[in-house]
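So the chains spell out like this:
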Amino acid sequence: MTFTMKLSKAYEPQSIEANIYKRWERSGFFNPDKLPGKRMKPFAISMPPPNVTGELHLGHATGMTLEDIMIRHKRMQGYKTLWLPGTDHAGISTQIMVERLIASEGVNRHALGRDKFLKRVWQWKKQYGTHITQQIRQIGASCDWSREHFTMDPKLTAAVQHAFVTMYNDGLIYRGKRIINWCPRCLSAISDLEVKHEPRKHKLYFLRYKLAGGAAPITVATTRPETMLGDTAVAVNPKDERYKSFVGKKVTVPIVEREVPVIADRGVEQEFGTGAVKVTPAHDALDYEIGLRNELPIISVIDEHAHMTKEAGIFVGKSTVEARRLILEELQEGGHIEKIEDYEHNVATCDRCHTEIEPLISLQWFVKTAPLAKKAIAAVKTGKIHIVPARFEKVYFHWMNNIRDWCISRQLWWGHQIPIWYNGDKVKASVAKPAGKGWKQDPDTLDTWFSSGLWTFATLGWPKKTKGLTLYHPTSVMETGWDILFFWVARMIMMSMYFMKEVPFKTVYLHGLVLDKDGKKMSKSKGTGIDPIPMTQKYGTDAIRLSLVLGTAAGQDVRLYEEKISSYRNFINKLWNIARFTLTQPKETGVKPKTLADAWILSRLQTVTKETTGYLESFRFSEAGALLYDFLWHELADWYIEITKVAPNAGVLRHVLLESIKLLHPFTPFVTEELWSHLTAAKGTKDMLMVTSWPETQQGFVNAKAESDFSIIREFIVAVRNARSNAKVPPHVFSDVCAWGKHQKLLQEHQAIIERLTRIKLTCGESDAKPTGVARGMAFALAVTEETGKRQESERAQLTEYIKRLEHQLANEQFVKNAPQQVVEGQRSKLKETRNRLDQLK
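Residues numbered from 1 in each chain as written. Predicted model: local features only at pLDDT ≥ 70, side-chain atom pairs only at ≥ 80, totals over all residues. Heavy atoms only, no water.

With respect to the side chain of S93
Residue placement: S93 occurs in helix α3 (residues 91-103). Owing to a relative accessible area of 10%, S93 belongs among the buried residues under this scheme. Reaching out from S93, the side chain makes a polar contact with the backbone oxygen of A90 at a distance of 3.3 Å. The contacts of S93, once residues within four sequence positions are left out, are N51, T53 and R352. (Helix = DSSP H or I, 4+ residues; strand = E, 2+ residues; numbered from the N terminus. Buried < 20%, exposed > 50% of the residue type's maximum accessible area, 1.4 Å probe, protein only. Polar contact = N/O pair within 3.5 Å; in protein donor to acceptor, adjacent residues only side chain to side chain. Contact = heavy atoms within 4.5 Å.)

This is the structure:
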């Protein structure tokens, strides 16, 4: 009796995946409360919320795949698994997108007004906000959609307001003037993460500042001569011997004729320009720090619109570009320009609109980070949080030990409006509008990272003490890209330690960036960009999941290219064909090894099960996937299935395949769920693979002797196959082989299998024939037929003649001397290879 259910000849993911995902969703098993059996131990992951405006990119796809692997593995292990999804309101990017939309209608947000503009944003979110969540489904994410959150949901908004008011009342939030990243296009402060450094070609201007007393001038280098109008010092490095005598003296800033001191400060790079730099505390982050250390005055000469202020004198109202041109003309006329050089450097730009950032002194809201950072550092140092890979702990500590106060206000309309109210000189922090007339709310909104910093506990019901919060917090793992370790992960740790008095997660797993085939950043304009969703439609989701995980490690960047995805599609097809073959076999119950091959494959399965589980538990996902890949293709398919055609054991084959499919399910959920339904004739949701128990090692099948014996046979077979290939024996021709050595008896016991897999007639016994090959203490001689002998003789003659020509060429001193080195080396390699081939035929 054979299985009655048939599989199509080829796996067709396009016609299967959507239906499988619908079955998963309908089952309710994404929800931990609906999982079968008694599950007491929780395992929770908070999904890093992608921007509601965004498309699923490869960074998302990598993270989603790794998180799904963890969740599916733990779900099969019997954990109460919660993977909580959500999206971020993405303040700046969403606002820009909607501004562009209304601009196409001939309206700007200011003409529309705040309330009407926000109404349009919510309409846009309702229309397009589910796009990325559908893409998350396409990647196979088994998250609990019943708990999906959006950072602007009423409950999360209430949590954000409560957090702000609490921190304000505790003295951790204050309003003050500090230097911030300012986008003149967005007219808002932006976070460091929203700053993108782009290589741009500018000029480096070398300007002469006169020393008081008529001495030789000091020359400074700058890319921004327009900021010199706000200079309040010239700085040098205290270790720079060239300027020791200048420190403490005065210089005159050209044009404005302001006398400023020459100071020594450790922040100056001796290698930049002349080693002396102008200091403009109002318009450069480093200069601001130098200014604070040296108590320098601050003069703002550029405003929020990137125009010159009244402090710029005659240049007031000019754009920075126009002011630069006019200032350079005046400097040139006054003989203050020593030289001008071309200069390429990384320029800070707005990640959303690519406008150059203007560092400005601005009145903003800040969080005092020092007291929060102290506990966040201790959480990692004491092992309450483990960072994988551990080398990023050093990066984390460096950032946290040098943390600055966090600017949390944004001059945007879309976002959580700051719950601060003003009434004349009165200021009050309150979720609700204070009683009485005249109260007006602060118009600014909070940095997106403030709300996402509360993500792990606010999504579980905080500030209320909910069952979910008690059960699932701290969460188990935070999986994200290494590039936001400081910007987001560190903020979550600080916020959780402050509000929850506990860590937000026990492990931080960091994945790398996705690069192209040559290890470079992907670029759609160069044709090296890959969109994950079209790739899933072309090759299947399972193939792209494998391509993102295998061949990399925690914190390492991964190279991705279409050929790689295609190769894993081939693996999926190989698995499909293994299942198709299995379905043609008689349906046997029980797992009873009858042959050495049976015992070997069952023993190997136990090792693979143990090692796969160990790799997953230690976050070595690539090694787990690679192990399963090799086992299924190069052991089960290449060896065991070929042997079953001689000595079938359908019970063992079916058992090994089913256990392997369970192990592979976290990596390739779609194809394994589909095959499981065919192989087990699963009916109903309770029989689905996603909730089947994770395999455990069965000690009764562990058989070291079987593995050792089979390895001897396998090596012998490989050696004979190689000998036949070297001897040019046609595949359809059988050869006589005589073997002798210490494993003769083992070979005789499995003679039928050896003969079938090598197309030989095997005899064992002592022989004085010249060995054709050796393998694990066994020698063998391959008998050559007359036809094969003639073919070999012809090849030997051709090889001998070719060797003579190469030797003659390489003996020519003029050729060796004048030919390109790579050509000479190539000919030497050919000579070596040809000699080796001739030796094989002798």
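Some details on the pairing of strand β18 (residues 420-423)
For β18 and strand β19 (residues 426-429), the ladder comprises 4 bridges, and the chain directions are antiparallel. For W421, the partnering residue across the bridge sits in β19 and is K428. Hairpin remark: β18 followed by β19, antiparallel, with 2 residues in the connecting loop; positive phi at G424, about 65°. Examined bridge by bridge, β18 and strand β20 (residues 440-441) share 2 bridges and lie antiparallel to one another. Its bridge partner lying in β20, Y422 is registered against K440. (Pairing = 2+ DSSP bridges.)

Concerning helix α17 (residues 541-549)
α17 sits mainly inside the fold: 9 of its 9 residues count as buried. For α17, the complete set of buried residues consists of T541, D542, A543, I544, R545, L546, S547, L548 and V549. One or two positions beyond α17, positive phi appears at G551, with a value near 85°.

Here we look at the sheet that holds strand β29 (residues 778-782)
The sheet built from 4 strands is open, its strands ordered β27-β26-β29-β28 with mixed pairing. Here the strands that pair on one side only, and so sit at the sheet edges, are β27 (760-764) and β28 (773-775). Adjacent strand axes in the sheet meet at a mean angle of 25°, parallel and antiparallel pairs treated alike. Note: strand β26 (residues 735-741) against β29, 5 bridges, orientation antiparallel. Counted as the bridge partner of G741 is M778 from β29. The sheet contacts of helix α23 (residues 704-726) involve β26, β27, β28 and β29, and relative to β29 the element is tilted by about 30°. (Axes fitted to C-alpha atoms, helices over the stretch in contact; angles between N-to-C directions.)

Some words on the packing of α3 against helix α5 (residues 114-128)
For the pair α3 and α5, the least separation of the axes is 10 Å and the interaxial angle reads 100°. Judged on the interaxial angle alone, α5 and α3 are roughly perpendicular. Residues T94, Q95, M97, V98, E99, L101 and I102 of α3 form the contact with α5, whose own contacting residues are F117, R120, V121 and W124. Residue composition of the contact of α3 with α5, grouped by class: 7 nonpolar, 2 polar and 2 charged. (Parallel < 35°, antiparallel > 145°, perpendicular 65-115°, else oblique. Nonpolar A, V, L, I, M, F, W, Y, C, P; charged D, E, K, R; others polar.)

Some details on the nonpolar core
Residues I601, F621, L636, F667, L675 and F716 are the most contacted members of the largest nonpolar core, which totals 122 residues. Here this core takes 14 residues from helix α20 (residues 621-644), the largest share from any one element. Excluding residues that lie within four positions of it along the chain, F667 makes contacts with I69, D542, R545, L546, V549, L616, F621, A624, G625 and L628. One finds L84, V380, F487 and I493 within the second-largest nonpolar core, a separate group that totals 63 residues. (Core = buried A, V, L, I, M, F, W, Y, C linked by side-chain atoms within 4.5 Å.)

A word on unusual backbone geometry
The peptide bond linking V388 to P389 adopts the cis configuration, its omega dihedral lying at 5°. Counting through the fold element by element, P389 comes out in the loop between β15 (386-388) and α11 (392-401). Although it is not a glycine, F619 sits at a positive phi angle of roughly 65°. Despite not being glycine, K728 shows a phi value in the positive range, around 60°. By the secondary structure assignment, K728 is in the loop between α23 and β26.

Remarks on the pairing of strand β7 (residues 195-211)
Taken residue by residue, a regular strand's side chains alternate between the two faces of the sheet. For β7 and strand β13 (residues 337-350), the ladder comprises 13 bridges, and the chain directions are antiparallel. What sits directly across from E198, in β13, is V347. Pairing of β7 with strand β8 (residues 218-222) involves 5 bridges; the strand directions are antiparallel. From the neighbouring strand, R208 faces β8, where its bridge partner is T219. As paired elements, β7 and strand β10 (residues 250-253) share 2 bridges and run antiparallel to each other. Looking across to β10, one finds that L211 is bridged to V251.

So, to be careful, I would describe these as geometric facts and stop short of saying anything about function.
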